Amino acid sequence: MALLLLTGCWDERLYKNSSVVSLTGFEGTIGDLTALYAYPEATTEEMQTIIITGIGISPRDVRQDAELKVEQTLDLSVLSTVLISEDSAKDDIYEYLDGYFRDPNSPITSKLAIIQGDLKPFFELSEQKQTTAGEYYERFITSLEENSLVIPYTLQTACAILFENAQDLALPYLKMGEDGRPVSDGLALFSGRAFTGSTLNTNEGVMLNILNNSLGFATRISYLYKDSPVTVRINKTKRNLDISENKIVIEKKLELMVSEYPQDHLSEDIQRKDLQQFLTEKIEQDMNEVIKKLQEAKSDALGLGRSVRAFHPKYFKKDWNEHFSTMDISVKLSVEIVKTGILE
C-alpha cells in the first residue's frame, strides 16, 4: 500500500496554469533594470504572443513586477533564448544570469545573444510569428552556429566560461535590419564578465571558429582571385600551439574543398598550387587580423590561456587578459586543396 502511495505525479505542473515564457531579455543596469517576457496565449481565433514588461532593481525583482501584470505565474521552464542589450552587457553579465542557476525549474540550455539598440523591436517581431518567440531566435542562432558564424554556447557553457580566468566569451551580436528583421552582425567580445564594446564581423567570426576548431556543419570562405570568385569549404582542420613565455605561434593546417571556382582547370598542378598559395596568404592574413582585434579588446576568445595554464603553467599570469593583450601572437597557416568538386 505504501508503494502505491509513492507513485504518481506529485510534482506535476500544468501549463494551463502558467504563462510559459520562451523569450526574455534585459536592458538597463542593476538598480534600474527593465525586462521583457514573451509567452503564447490562445484565443478563440488564433495563438498570439503576449509581451509583458517588468521594472525593478534586479532580474528577480523585475520578474516579480511582471507577474503583477499577468493572470498566471510566469513559467520559465521552457525558456529558449535570453537577449541582453549591449549597454547592460558592459557590466557584469552574470548578474543577469545568476537567478537561472538558483531556480531548479529554469533550463540551462537556453541560447544567449547580445543585441544592438532597444529590446522592444526584437520582441515585437515575435508577435508576427506562428512559432513561439524563443524558438524563432533559438533556430536563428543555431543556423549561425551551423554556418560557423558564431561559437556555439548555451546558458550553461557560457557561464562556465565566465568563471574561467583563462578564456573569454564571444556571443552572437544581433541588430535590427532595415526590413524589421534581426540580422547577425558578428560576435560581441567579452573580457572577463563584461562586453568590451568591440565586435568581430561575420567573416571574422568564421575565422575565429576555424582558429577555435569549433566548426559548424558548413564553413565557407569566399574571395576574389584574379577577378573571379572562389569559395571553399573546410574539410578538416588541425591546430598546434608553439608556446613560449611571451610568444604564441598558432600553427594551423586546413584541408579545403572548392565549391565555387569558374576559372576551373584545378586538375592542373600549377593552377592548383597557385590557388593554394593565394588562399594561404589571404586566410593567414585574415586570421592575424582577428588575433589583433582580440588582443586590442583583451579578449582571449580562443582560450589560449587554458593551453598555457595546462601545459606551460610557469608562463601563465593571474591577470591573463592583460598579459594576453601584450603577447606576440601570430598564425602560421598551411593549406591543401583536397577536393575540387563532386567528381574529385
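Use the structure listed above.
What you see as residue numbers is a count from 1 along each chain, following the sequence as written. In view of the model being predicted, local features appear only for residues whose pLDDT reaches at least 70, and side-chain atom pairs are presented and counted only at 80 or more, with totals across whole chains, interfaces and linings using the full set of residues. Side-chain descriptors were evaluated using all non-hydrogen atoms of the structure, hydrogens and water having been removed beforehand.

(A) Local environment of helix α2 (residues 59-67). When a residue's accessible area, from a 1.4 Å probe over protein chains only, is under 20% of the maximum for its type it is buried; when over 50% it is exposed; and in between it is partly exposed. In this text, helices come from DSSP runs of H or I with a minimum length of four residues, and strands from runs of E with a minimum of two, each type numbered from the N-terminal end. Buried within α2 are the following residues: Pro-59, Val-62, Arg-63, Asp-65 and Ala-66. All buried residues of α2 fall inside an arc of 160 degrees around its axis, so they share one side. Directions are taken from the helix axis to each C-beta atom, and the arc is the one they span.

(B) Expanded view of the sheet that holds strand β13 (residues 247-260). A pair of strands is labelled paired if DSSP reports no fewer than 2 bridges between them. Strand order in the open sheet formed by four strands is β11-β12-β13-β14, and the pairing between neighbours is mixed. Only two strands of the sheet have a single neighbouring strand rather than two, namely β11 (220-225) and β14 (328-339). Here the strands of the sheet are splayed against their neighbours by 40 degrees on average, with no regard to which way each runs. The pairing of β11 with strand β12 (residues 228-243) spans six bridges and is classified as antiparallel. Bridge pairing links Tyr-225 to Ser-228 in β12. Angular values range over 0 to 180 degrees, each being the angle between N-to-C directions of two axes fitted as lines to C-alpha atoms, with helices fitted over their stretch in contact.

(C) Region of interest: the layout of surface pockets. In this structure, the largest pocket spans a volume of roughly 290 Å³. Lining the largest pocket we find 15 residues, and of these Asn-203, Val-206, Arg-220, Ile-221 and Ser-222 sit closest to its centre. Of all the secondary structure elements, the ones that give two or more residues to the lining of the largest pocket are α8 (202-212), β11 and α9 (269-296). Residue composition of the lining of the largest pocket, by class: seven nonpolar, four polar and four charged. Each cavity reported here is a set of points on a 1 Å grid over the protein atoms alone in which a 1.4 Å probe fits but cannot get out, each pocket an open set with protein on both sides within 12 Å along at least five of seven lines, and each lining residue one with an atom within 4 Å of a point. Grid points are joined across faces, edges and corners, and a volume is the space filled by probe spheres set on the points. Think of it as three bins: nonpolar holds Ala, Val, Leu, Ile, Met, Phe, Trp, Tyr, Cys and Pro, charged holds Asp, Glu, Lys and Arg, and polar takes everything else, Gly as well.

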